[in-house]
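# Report on the structure
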Amino acid sequence: MGGTDYTAVVTNCRITAGAADSDITTFLDAASGGAREYKLEFTAIQDPATATLWNTMFTAPGTSVAVIVKPAGGTTASPTQPHFTGNVIVSEPDGDILGGEANASSTARFTFDCAWTFTAKPVRVTA
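Residues numbered from 1 in each chain as written. Predicted model: local features only at pLDDT ≥ 70, side-chain atom pairs only at ≥ 80, totals over all residues. Heavy atoms only, no water.

## Quick look at the pairing of strand S4 (residues 83-89)
Residues in a regular strand point their side chains to alternate faces of the sheet. Bridging between strand S3 (residues 64-69) and S4 involves six bridges; their strand directions are antiparallel. In the strand pairing of S4, Ala-66 is matched with Asn-87. The pairing of S4 with strand S6 (residues 123-125) spans three bridges and is classified as antiparallel. When the sheet's bridge partners are listed, His-83 is paired in S6 with Val-125. As defined by bridge partners, S4 adjoins strand S5 (residues 111-118) across two bridges and the pair is classed as antiparallel. The residue of S5 that forms the bridge with Val-88 is Phe-118. (Pairing = 2+ DSSP bridges. Helix = DSSP H or I, 4+ residues; strand = E, 2+ residues; numbered from the N terminus.)

Written out as structure tokens, the structure reads:
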């Protein structure tokens, strides 16, 4: 995301699709089944330090950030291990953004959930 690898702090990541909320439906939208909206939904560890994913969510809502989602990992996309790219609009989630329930575990960490909207349908990269 934005050139930084956040795999060490993200615990859940998915690209979702749904009907776009729109006041106007064009004939093209209607013919294709309606406008679609794509989101990058993720859960990440809360870390309010500078230069963290949490800090991006907190300080940069409304900005566009380039993302690469690599479902099979790897540094090079291929037909059998594609990557998905696009730009998302950073936003704060509704609900909790900092804190959580007490936990006696020495390794437990608070997390936050976000759903950032893609500016267009993500691109499937195979090469």
